Amino acid sequence: MRRSFFTKTMTVEHQLADWRNQALTLENQVNQTVIGLNPLVRHLITAVFTRGHILLEGNVGVGKTTLLRALARGLGGQYQRIEGTIDLMPSDLIYYTYLDRNAKPCVDPGPLLTHGDQLSTFFFNEINRARPQVHSLLLRVMAERSVSAFNTEFQLPYVQVFADRNRVEREETFELPAAARDRFLMEIKIDPPNDDVLLDQLMFDPRYHDVDKLIENVEPGLIAHYQLNDIAQLIQQAVIASPALRKYALALWKATSNPQQFGINLADVDMPQLLHAGVSPRGMSYLIRAAKVRAWLQNRTALFPEDLQAVFPVIMMHRLFLNPSYAYRKDEILPQLVSGILNQIAAP
Ligand SMILES: Nc1ncnc2c1ncn2[C@@H]1O[C@H](COP(=O)(O)OP(=O)(O)OP(=O)(O)O)[C@@H](O)[C@H]1O
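An unreviewed UniProt entry annotates the protein chain as Protein MoxR of Methyloglobulus morosus KoM1.

Shown next, in the form of structure tokens:
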């Protein structure tokens, strides 16, 4: 039975408080399932309530599938996973063709169409192995939450895309274009826990060897996925930014295209030549939206600088494009630039 958190008698404050409890319970249960990934789980919960898509970057076997299956279980709706391969075609996401027992040709709905409005978590593993044609289809799904097939428009109103980009292998891979990366709310790196006790647990505790059993830590359908769009809107309306905070956000934005004007200088870098493009308006609106969700998770209706600062790196890093002469140093320069901006711009 579908539970409704939106009852006519509940005030907005009660609804927000009720949903925050649900969100924190889900976060807690996911943290008991995957270990040592708490900051990352907070980002994922923030993204769920911002209704944004996520690009994960990590090595194999670091718990990505476990994490997403745990999250999807708590969110309810349906979970779908697809593997990026070089021969994957856009149509493979939409339908399957096969011969049945009587050798009669048949067409069945593919991964995107099987679940329709029940689809809540779409995990695209190794997205950089898929060709640009597949990326284009995914972009449309991410931007419009719909897909056209068989002369019909299929709506996927609750879908949230989690794509994974393999960090190690670069052979036979296709880099995501800038437009594609801008559609992702956050780009998050996932690494094994940095703690010997947790690493020991991952090796020796059998709990972590059986994923099906492990994800039973999460209550199925804890969050009503079909109400997420509504609650996300409510959060955006409820959390307020002061004029000083708005000025601060504007300065952060300007610093992403002209860092030198704000006194940000990096070693061995000709600052006016560094950036090819600053952050897009979409990027900045994502920053504010995610920051508001963070404020709500912290039980506030006022947006604070610390909310922007907490999500700034995961939202900005993949939106800052370096000029070709610096691109090969991006792993060194981008984190320095992001922390330079946060350190240099005075918070109200
Ligand atoms: N931080 C973690 N917490 C709990 N289990 C983990 C963690 N990291 C890895 N594991 C365990 O390691 C195994 C592999 O995890 P999983 O399949 O989720 O990795 P993956 O990153 O999706 O791998 P691949 O890239 O090959 O698909 C599972 O048994 C999982 O429980």
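So, on to the overall build of the protein chain. The number of helices and strands found in the protein chain is 14 helices and 11 strands. A compact globule built from 348 residues should have a C-alpha radius of gyration of about 20 Å, and the protein chain, at 21 Å, falls within 12% of that. The dimensions of the protein chain, computed from C-alpha atoms along their principal axes, are 70 × 55 × 50 Å. The 348 residues of the protein chain split such that 50% are buried. Sequence separation of 24 or more characterises 75% of the internal contacts of the protein chain that already satisfy a separation of 6 or more. With the model as given, the accessible surface of the protein chain reaches about 16,600 Å², and the carbon-plus-sulfur share is 53%.

Attention now moves to the site of the ligand. The immediate surroundings of the ligand are formed by 17 residues, with Ile-35, Gly-61, Thr-65, Thr-66 and Tyr-208 found nearest. Gly-63 has a polar backbone atom sitting 3.1 Å from an oxygen atom of the ligand. Summarising the interface, the protein chains cover 79% of the accessible area of the ligand, which totals 640 Å² for the free molecule. For the shell around the ligand, the leading source of residues is helix H3 (residues 64–75), giving three residues. For the shell around the ligand, the per-class residue count stands at nine nonpolar, six polar and two charged.

We now examine the pairing of strand S6 (residues 146–149). Where S6 lies against strand S7 (residues 152–155), four bridges are found, and the strand directions are antiparallel. By the bridge assignment, Ala-149 is partnered in S7 with Thr-152. The antiparallel hairpin formed by S6 and S7 contains two residues in its connecting segment, where Phe-150 sits at a positive phi of about 50°.

We now examine the pattern of salt bridges. Counting across every chain of the model gives 21 salt bridges. Across the salt bridge formed by Glu-27 and Arg-42, the nearest N and O atoms sit 2.8 Å from each other. One end of the pair, Glu-27, is in helix H1 (residues 12–33); the other, Arg-42, is in helix H2 (residues 38–50), with 15 residues separating them in the sequence. Overall, Glu-27 belongs to the buried group, its relative accessible area being 10%. A relative accessible area of 21% means that Arg-42 is categorised as partly exposed. Measuring nitrogen to oxygen at the nearest pair gives 2.8 Å for the salt bridge that ties Asp-307 to Arg-294. Placement of the pair is Asp-307 in helix H12 (residues 305–316) and Arg-294 in helix H11 (residues 281–297), with a sequence separation of 13 residues. Across the pair, Arg-294 and Asp-307 agree in class, each one buried. Each of Glu-57, Arg-165, Glu-175, Arg-181, Glu-187 and Lys-189 takes part in salt bridges that share partners, so that together they form one network.

Attention now goes to the domain arrangement of the protein chain. The domains assigned to the protein chain are domain 1 (12–233) and domain 2 (239–344). Using only C-alpha atoms to locate each centre, domain 1 and domain 2 end up separated by 26 Å. Tallying the contact residues gives 21 residues for domain 1 and 18 residues for domain 2. Buried surface at the junction of domain 1 and domain 2, summed over both partners, amounts to about 1,900 Å²; 61% is from carbon and sulfur atoms.

Cut-offs applied
- Residues numbered from 1 in each chain as written.
- Predicted model: local features only at pLDDT ≥ 70, side-chain atom pairs only at ≥ 80, totals over all residues.
- Heavy atoms only, no water.
- Helix = DSSP H or I, 4+ residues; strand = E, 2+ residues; numbered from the N terminus.
- Rg over C-alpha atoms; globule rule 2.2 N^0.38 Å.
- Buried < 20%, exposed > 50% of the residue type's maximum accessible area, 1.4 Å probe, protein only.
- Contact = heavy atoms within 4.5 Å.
- Areas by Shrake-Rupley, 256 points an atom, 1.4 Å probe, with all protein chains shown as cover.
- Near = heavy atom within 4 Å.
- Polar contact = N/O pair within 3.5 Å; in protein donor to acceptor, adjacent residues only side chain to side chain.
- Nonpolar A, V, L, I, M, F, W, Y, C, P; charged D, E, K, R; others polar.
- Pairing = 2+ DSSP bridges.
- Salt bridge = Lys/Arg side-chain N within 4 Å of Asp/Glu carboxyl O.
- Domains from an automatic or database assignment.
- Buried area = accessible area lost by both parts, 1.4 Å probe.

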